[in-house]
Every structure is written in C-alpha cells, then in structure tokens.
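Results of the structural survey
Residue strings, one per chain:
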Amino acid sequence: MLFSKSPMRVSIQDVAVRDGFQSESVFVPTEDKIRLIDRLSRTGLAKIEVTSFVSPKAIPNLRDAEQVMRGITRAADVAYVCLVPNERGCERALACGVDEINLVMSIGERHNLANMRMSCEQSLEQFRRVMAMVRGTEVRVNGTIATAFGCPFDGDQAPSKILWAATHDLDMGMHSVTLADTTGMAAPRQVGELVQIFLRTFPEVPLTLHFHNTRGMGLANVIAAIEAGARSFDASLGGIGGCPFAPGATGNICTEDLVHMLESCGISTGVDLDRLLAIAKDLPHFLGHDVPGQVLKAGKRTDLHPHHTPLQLA
Ligand code: COA
Ligand code: ZN
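Residues numbered from 1 in each chain as written. Chains lettered and ligands numbered in written order. Predicted model: local features only at pLDDT ≥ 70, side-chain atom pairs only at ≥ 80, totals over all residues. Heavy atoms only, no water.

The chain is annotated in an unreviewed UniProt entry as Putative hydroxymethylglutaryl-CoA lyase of mine drainage metagenome. Listed under Sequence similarities (unreviewed entry) in UniProt, the entry text for the chain is "Belongs to the HMG-CoA lyase family." (UniProt positions renumbered as here; feature names shortened; annotations may be inferred.)

Turning next to the nonpolar core. Counting residues in each nonpolar core, the largest one holds 98 residues, and the members touching the most others are Ile-101, Leu-179, Leu-209, Phe-211 and Phe-233. When residues of this core are assigned to their parent elements, the largest contribution, 6 residues, is made by helix H6 (residues 120–134). Contact partners of Leu-179, with chain neighbours within four places excluded, come to Ile-145, Ala-148, Phe-149, Ile-162, Leu-194, Phe-198, Leu-207, Thr-208, Leu-209 and His-210. (Core = buried A, V, L, I, M, F, W, Y, C linked by side-chain atoms within 4.5 Å. Buried < 20%, exposed > 50% of the residue type's maximum accessible area, 1.4 Å probe, protein only. Helix = DSSP H or I, 4+ residues; strand = E, 2+ residues; numbered from the N terminus. Contact = heavy atoms within 4.5 Å.)

Coordination sphere of the zinc ion (ligand 2), protein contribution only: Asp-19 (OD), His-210 (NE2) and His-212 (NE2), at 2.0 to 2.2 Å. If you list the donors of the zinc ion (ligand 2) from N- to C-terminus, the spacing comes out as D-x190-H-x1-H. With Asp-19 in helix H1 (residues 16–20) and His-212 in the loop between strand S8 (207–211) and helix H9 (218–227), the pair connects residues that are 193 residues apart, well separated along the chain. Comparing Asp-19 with His-212 shows no difference in burial state: the two are buried. (Donors = N, O, S within 2.8 Å, 3.2 Å for Na, K, Ca; no water.)

Below, the discussion takes up the packing of H9 against helix H10 (residues 255–264). Interhelical geometry of H9 versus H10 gives an angle of 50° and a closest axis separation of 11 Å. The orientation of H9 relative to H10 falls into the category oblique. Like other packed secondary-structure pairs, H9 and H10 cross with a definite hand, here right-handed. Here Leu-219, Val-222, Ile-223 and Ile-226 of H9 lie close against H10, whose contacting residues are Asp-257, Leu-258, Met-261 and Leu-262. Each residue belonging to the contact of H9 with H10 can be placed in one class, and the counts come to 7 nonpolar, no polar and 1 charged. (Axes fitted to C-alpha atoms, helices over the stretch in contact; angles between N-to-C directions. Parallel < 35°, antiparallel > 145°, perpendicular 65-115°, else oblique. Left-handed = near helix turned anticlockwise from the far one by under 90°. Nonpolar A, V, L, I, M, F, W, Y, C, P; charged D, E, K, R; others polar.)

In this structure, the largest pocket spans a volume of roughly 570 Å³. Along its surface, the largest pocket is lined by 35 residues, and Val-54, Leu-83, Pro-85, Asn-115 and Met-116 are the ones closest to its centre. Elements represented by at least two residues in the lining of the largest pocket include exactly H1, helix H4 (87–95), strand S5 (100–106), helix H5 (109–116), strand S6 (140–146) and strand S7 (176–181). Within the lining of the largest pocket, the residues separate by chemical class into 15 nonpolar, 14 polar and 6 charged. Here the second largest pocket defines a volume of roughly 310 Å³. Around the second largest pocket sit 23 residues that line it, and Lys-47, Pro-206, Leu-207, Thr-208 and Ser-232 are the ones nearest its centre. Partitioned by chemical class, the residues of the lining of the second largest pocket number 9 nonpolar, 9 polar and 5 charged. (1 Å grid on protein atoms, 1.4 Å probe; cavity = no way out; pocket = protein on both sides within 12 Å on 5 of 7 lines; lining within 4 Å. Points joined across faces, edges and corners; volume = space filled by probe spheres on them.)

Moving on, we come to the sheet that holds strand S4 (residues 79–84). The sheet built from 8 strands closes into a barrel, its strands ordered S2-S3-S4-S5-S6-S7-S8-S9 with parallel pairing. Strand-to-strand, the axes of this sheet are offset by a mean angle of 25°, without reference to chain direction. Relative to S8, S7 runs parallel, the two being bridged by 5 bridges. Bridged to Thr-178 within S8 is Thr-208. Lying over the sheet, H10 contacts strand S2 (11–14) and strand S9 (232–235), oriented at roughly 170° with respect to S2. (Pairing = 2+ DSSP bridges.)

For the rest of this paragraph, the subject is the site of ligand 1. Surrounding ligand 1, one finds 18 residues, the nearest of these being Ser-55, Lys-57, Asn-86, Arg-92 and Asn-115. Asn-86 is positioned such that a nitrogen or oxygen atom in its side chain is 2.9 Å from a nitrogen atom of ligand 1. Between a nitrogen atom of ligand 1 and a main-chain N or O atom of Gly-89, the distance comes to 3.2 Å. At a threshold of 2 Å from the grid points, most atoms of ligand 1 map onto the largest pocket. Every element with two or more residues in the shell around ligand 1 is listed here: H4 and H5. (Near = heavy atom within 4 Å. Polar contact = N/O pair within 3.5 Å; in protein donor to acceptor, adjacent residues only side chain to side chain. Sits in = over half its atoms within 2 Å of the grid points.)

Attention shifts here to the UniProt feature "domain: Pyruvate carboxyltransferase" (unreviewed entry) in the chain. In the numbering used here, UniProt assigns the "domain: Pyruvate carboxyltransferase" (unreviewed entry) feature to residues 10–277. Between the end C-alpha atoms of residues 10–277 the distance is 19 Å, and the span holds 40% helix and 18% strand.

Attention now moves to H6. Taking 1.5 Å as the rise per residue, H6 with 15 residues should run 21 Å; its terminal C-alpha atoms sit 21 Å apart, in good agreement. Listed as buried for H6 are Cys-120, Ser-123, Leu-124, Gln-126, Phe-127, Val-130, Met-131 and Val-134. For H6, the arc enclosing every buried residue in end-on projection is 160°, short of the 170-degree limit, so these residues lie on one face. Check the buried side of H6 and you find it contacts H4, S5, H5, S6 and helix H7 (159–171). Directly beyond the C-terminal end of H6, a positive phi value near 90° is found at Gly-136. (Expected span 1.5 Å × (residues − 1). Arc of directions from axis to C-beta.)

Set out below in structure tokens:
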C-alpha cells in the first residue's frame, strides 16, 4: 500500500526546458538554458529532458538544440534526454551524444497529425528507421504514447490502442515507455486502471507517467499511478509546459510541488527540494510571467511563520 512503512523510491525527470520552454512566448537565451540545466543537474534529478531536435519552424524556441546539448556540463548520475520526431532529429541527437532519445507519437490520430504531421502508421515507420540508426550505439530509446488518457480531438482512447502502440514500440527495441496526458484529461481512477493494465501486460518494462495539471488533477493522478505500481514521473520546474499543437494545453505537474508532496508522504525522490525551489524562483525572470508552482509561493508545509502575540493592554 502507498502509505505503508516500507521505503519507496520514485524517480523524476524534469522536462521544463523542453515541454516548458517549447510553448513560451519568449525565446530563453541559449546561455540561460545551459545555466538552468547545469543547476538542475545538481539537484538529484534522475533525468533531464534537455531539448527537442525538431523543425525550428515548428518549435522556434528550441532552435538552439545543438548548442544547448553541447554546452551543458553533464553530471555522471543524470541521464540527458532529447525529444526526436523523425530520422533527421535522430541524426542531430546522435551527433550531440545524447543518453536517451524520446520518440513521441500521439495515439489520438488527429492530434498526431496536428503535432507531428503524420498518421500513427507514418510515425511508426519513422520510429523503425530511427531504431535502425540507433542500433549498435549505447543510446536508449523511450517511446512516449501521447494523448494516452484522452485526445483533445478524438476523446478517450481505448487501453487496447495504448497496448497496440506500446507493443510496436517495444518490438522495435525501445527500452521504456511513457504514457503522456498531453492536455490534462486524465482522472485518477482511469490512471490507476491503465497503469495496472500496462504493468500486467509489460511487467518488465520501465514505465513513466507524464501528467499535465490542466484540470487540477495532476498530483492526484500521481498518487493513483503510484498505488497502481508506477515509480517514475515527468514533471516541470515551476509547472510550466504544454503542447503548442493542442488546444487549451497548459503546464505539466510542477516538479517542486511533486517532490514536496512525495517527500511529505515519506516517499523518497533523491531530489534536494531547497535547491529546486531556488532555481524555480528564477523562472519568472526568464519567462516574464508568474509560474503555476504552489510551494514556491506558499513555502514548504514545515516552514513556520513568526507569531506576534497581541499586546496585553493595561
Ligand atoms: N530537425 C530540423 N529540421 C527538420 C526536422 C528535424 N528533426 N524535421 C524536418 N525538418 C525541417 C525540414 O528540413 C523542412 O525544412 P525546409 O522547410 O527548410 O525544407 C521542414 O522542417 C519541414 O519538413 P517536413 O519533412 O516536410 O516535415 P513537416 O513539415 O511535415 O514537419 C515535423 C514534421 C514533425 C518534423 C515538424 O512538424 C516538427 O518538428 N514538429 C514539432 C513537434 C513537437 O515538438 N511538438 C511538441 C512536442 S510533443
Ligand atoms: Zn507534455
């Protein structure tokens, strides 16, 4: 059970500089991205999604993917991940020595068309070619199944479709799978059911959950996923993020809020919350607006305020 006394460890990948920055109205300068990633590398995060090797016309904010990936100081205990949509992206990622490639396909056909300009079959064809390029290298490949908990165009997706996509991904040699809730449509019961089905079908496959907090269910979904056996999550510093090709998309679950919640439940993340909060504090300066993260504003639940005793009047 979730709140039993036995120790539990959850690993976290921060996706702020990819999922977060891709949809902002400003271009964060390359040096600032590099500094931010270098600071994140010293917080205890398991993974950082650094950038996307996509078309600079589609995602202009990440047009500096090569400079960022080559400019960062890599920590030995952090895996550096990059999103790749096609063979061209794979070529670029391999040239920069990434640790892991993240191949994304939406299971909602119409979101895949809007986002990747491909049908699911065409995406899978690109993935097969990417897998052929990666074969023989040390690079791991993760398959993200986007809109897994609902597509903004096609609605709920049957679990059998998710398993179909995962089977294709794994058969081509991908190492792990992420189920992504691209536009915050996931609800806790649905999450628990899908995670259980996935883990029953693929008990040996590392599974990550990627939630957006669009409808305020993000952290509740994490709890539901953990109860169903998940132990790995994506989250974004400050809670920024969102797919530019999905209507109404908003931020990911917030990394520092996630760490705060899990550690408050006695679930270990390995992440230094104070360091994370210090970095999150600088985000509004880069982005020119407030960020959704709540612990940053309220302080940790253990932070106490000075109490002023009312004056005793004579
Ligand atoms: N890296 C750099 N440039 C790329 C590229 C890549 N991985 N893939 C395609 N391009 C360039 C092509 O060279 C071409 O450039 P040109 O117009 O100067 O000739 C242009 O992009 C269009 O290429 P094409 O093959 O026709 O692709 P497309 O227009 O159908 O776009 C994608 C398909 C997926 C490459 C593009 O839409 C994309 O990168 N989308 C980003 C998706 C994303 O990151 N979404 C949010 C995260 S889930
Ligand atoms: Zn996302």
